[in-house]
Amino acid sequence: MTDAHTASTIMMSRRTVVGGAAALTGSLALPRELWAGAPADLAAKAGEAELIAGQKTAVWGYGGIVPGPVLRVRQGDDLRVRFRNDIPHASTVHWHGIRIANAMDGVPGLTQKPVATGETFDYRFRCPDAGTFWFHPHKMSSEQVARGLYGALVIEEREPIAVDADHVLMFDDWRLDADGQVHGASFGAIHDRAHGGRLGNTFTLNGTTAHAIPTRSGARLRLRLINVANANVFAVRIADHKPTIIAVDGQPVTPRPATDGLVLLGPGQRADVIVDAMSAPGTRADIQMVLARDVVTVGSLAYSKDAPLREAPSDAPIALKANPIDERLDLANAVDVAIPMDGGAMGRMRGASINGDYMSMRELVREMGYVWALAGQAGMPKTPLFAVKRGQTVRLTFQNNSMWPHAMHVHGHHFKEVGDAASEPWWRDTIMLFRQQKKTVAFVADNPGKWMLHCHMLEHHEGGMGTWFEVTS
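Structure report, in brief. Every chain is numbered independently, its residues counted from 1 as its sequence is written. A pLDDT threshold of at least 70 governs which residues receive local features in this predicted model, and a stricter bar of 80 or more applies before side-chain atom pairs are shown or counted, although totals over entire chains, interfaces and linings include all residues. Excluding hydrogens and water, the side-chain values take into account all heavy atoms of the structure.

**Side note on the packing of aromatic side chains**
Defined as follows: Two rings from Phe, Tyr or Trp (for Trp, the six-membered ring) form a pair when their centres sit within 6.5 Å of each other. Planes less than 30 degrees apart are called stacked, planes more than 60 degrees apart edge-to-face, and all others tilted. Going along the chain from the N terminus, every DSSP run of H or I of four or more residues is numbered as a helix, and every run of E of two or more is numbered as a strand. Residue burial is assigned from relative accessible area. The probe radius is 1.4 Å, only protein chains are included, and a residue is buried under 20% of its type maximum, exposed over 50%, and partly exposed in between. We call a charge positioned above a ring when the Lys NZ or Arg CZ atom is no farther than 6 Å from the ring centre and deviates by at most 35 degrees from the ring normal.
Counted according to the given criterion, the structure contains nine aromatic pairs. Seen in terms of ring centroids, Trp 95 and Phe 135 are 5.3 Å apart; in terms of plane orientation they differ by 45 degrees. Their pairing is tilted. Pair noted here: Trp 95 is in strand E7 (residues 94-96) and Phe 135 is in strand E9 (residues 131-136), with a separation of 40 residues, a long-range link. Take Trp 95 and Phe 135: they sit in the same class, and that class is buried. Relative to Tyr 123, the ring of Phe 121 lies with its centre 4.6 Å away and its plane at 55 degrees, an arrangement referred to as tilted. An aromatic cluster is present here, built from Tyr 62, Phe 83, Trp 95, Phe 121, Tyr 123, Phe 125 and Phe 135 joined pairwise through their rings. The cationic tip of Arg 147 hangs over the ring face of Trp 60; the distance from NZ or CZ to the ring centre is 4.9 Å. In this structure, Arg 198 is placed above the aromatic ring of Phe 187, and the distance from its NZ or CZ to the ring centre is 4.0 Å.

This is how it looks when you write it as structure tokens:
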């Protein structure tokens with residue numbers, strides 16, 4: 001979700017970049033879907049994708065495709081997936097945003113062993129919340145996600161709102177070399193870690209630079225927007241259309257129009273929007289990623305030439321029912337945790353602790369490849385950042401002391417921004433903090449286990465911005 005101030009900061013230039021001739025024709029292929037209420041197979045494997053029309057790029061994908069299949073399951077049901085790893089590195093599957101059983105969270109070394117090449121792992125868990133979620137590796141994430149390993153998980157409401165079509169839109173950027181292949185030599189680059197993360201030069205929607213979504217004039221669309229980029233922050237815009245935001249990070253919000261038609265998404269964030277497709281039959285409306293210095297067209301709403309489905313927007317209600325989150329925040333007795341975020345290029349961090357041993361910035365970079373710290377600690381500690389009993393309210397105060405944005409993601413829980421300065425007072429699992437920004441969030445620690453807390457700029461995470469906390473029963 002965006003506001004006028006944030007939108008103005010990311011719209012420094014309105015130069016439009018179009019994905020070649022394919023932008024005129026597009027692809028009407030939609031992501032493959034699997035019903036995950038029954039056992040489903042999900043294999044990480046090599047494949048090819050036509051990211052740019054007429055050109056094949058070697059990728060890793062679930063099922064060898066990018067994006068992987070959309071998994072759908074009904075709220076309250078179990079998701080059952082057998083994961084097989086057929087890539088040359090160990091991997092896992094993390095189910096981003098799900099308030100999940102801890103053993104199924106997919107974090108190697110914390111909730112499970114990594115799945116070696118050729119091995120399988122069975123994920124099975126109940127899906128308590130309806131909404132839009134996604135899945136990706138949590139092992140070598142910066143490379144595995146950048147090569148295409150991600151997919152959407154849609155948990156359907158028991159009583160869904162009335163729409164004419166429901167589409168998943170996964171936005172990504174790719175760093176390709178002159179041959180149109182993933183630029184492998186730059187994985188792990190200290191420059192990316194110390195700056196804004198791995199930023200791409202090719203932008204895709206559902207795995208192509210010109211994805212066309214078929215629609216009919218008068219139709220009501222539910223669009224599930226997901227930012228799966230390693231590090232890029234952008235807003236989504238649909239030309240000449242006015243999206244209404246109904247959910248963020250899988251959690252319902254009071255329906256509200258997107259400010260200036262822009263929906264801001266940091267890495268890992270999602271937004272469900274309603275779009276009434278009221279343009280003329282036979283026309284197209286550009287779908288754009290609004291970046292810091294560019295406006296990139298990655299797809300379109302492609303109107304059929306059929307007569308309008310209806311002459312005026314549908315008046316059916318679009319408000320979603322709340323999910324069963326414990327909203328009883330006991331702020332008077334909350335466990336307070338300060339999380340200063342330090343490091344990066346042009347930062348003032350002189351050093352940080354690694355399991356009690358202090359290392360200078362030079363030592364951190366040279367010996368560990370770390371350039372960031374959370375609460376003075378670089379990298380995953382052996383002991384939790386904090387431990388609380390089940391049912392306690394936790395208040396986290398993030399202070400971004402750096403010159404770079406960070407998308408802070410909390411596993412296993414949803415939190416709400418609190419305090420007089422709260423600009424996003426709704427439930428999220430990932431929150432953006434721009435440079436020198438401070439935000440305070442709170443949640444009820446009602447999910448027992450060991451949970452990750454990290455920056456979802458994946459290079460920042462691997463550069464030291466990862467920690468964990470424990471909820472005891």
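So, next bit.
**A closer look at the pattern of salt bridges**
Here is the rule we go by: We count a salt bridge whenever a side-chain nitrogen from Lys or Arg sits within 4 Å of a carboxyl oxygen from Asp or Glu.
Taken as a whole and judged by the stated rule, the model has 26 salt bridges. With its nearest N and O atoms 3.5 Å apart, the salt bridge here joins Glu 367 to Arg 366. Classification of Glu 367 by relative accessible area gives partly exposed; the value is 48%. Here Glu 424 and Lys 439 are joined by a salt bridge, their closest N and O atoms 3.6 Å apart. Of this pair, Glu 424 sits in the loop between strand E29 (415-417) and strand E30 (427-428) while Lys 439 sits in strand E32 (residues 438-444), placing them 15 residues apart in sequence. Of the residues examined, Glu 424 reaches a relative accessible area of 10% and is grouped as buried. Several salt bridges converge on common partners, so that one network encompasses Arg 72, Glu 156, Glu 157, Asp 166, Arg 222, Arg 224 and Asp 272.

**Section: the sheet that holds strand E27 (residues 393-400)**
Condition: Only strands that DSSP links by at least two bridges are regarded as paired with each other.
Sheet architecture is open: six strands sit in the order E25-E22-E27-E32-E29-E30, paired in mixed fashion. Only two strands of the sheet have a single neighbouring strand rather than two, namely strand E25 (372-374) and E30. Across two bridges, the pairing between E29 and E30 is antiparallel. Each bridged residue has a counterpart across the sheet, and for Lys 416 the counterpart in E30 is Trp 427.

**Examining unusual backbone geometry**
Between Val 66 and Pro 67 the backbone carries a cis peptide bond, its omega angle lying at -10 degrees. Along the polypeptide, Pro 67 turns up in the loop between strand E4 (55-62) and strand E5 (70-74). Phi angles above zero are rare outside glycine, and Asp 249 is one such case at about 50 degrees. Along the polypeptide, Asp 249 turns up in the loop between strand E16 (244-248) and strand E17 (251-257). One non-glycine residue with positive phi stands out, namely Asp 260, at about 60 degrees.

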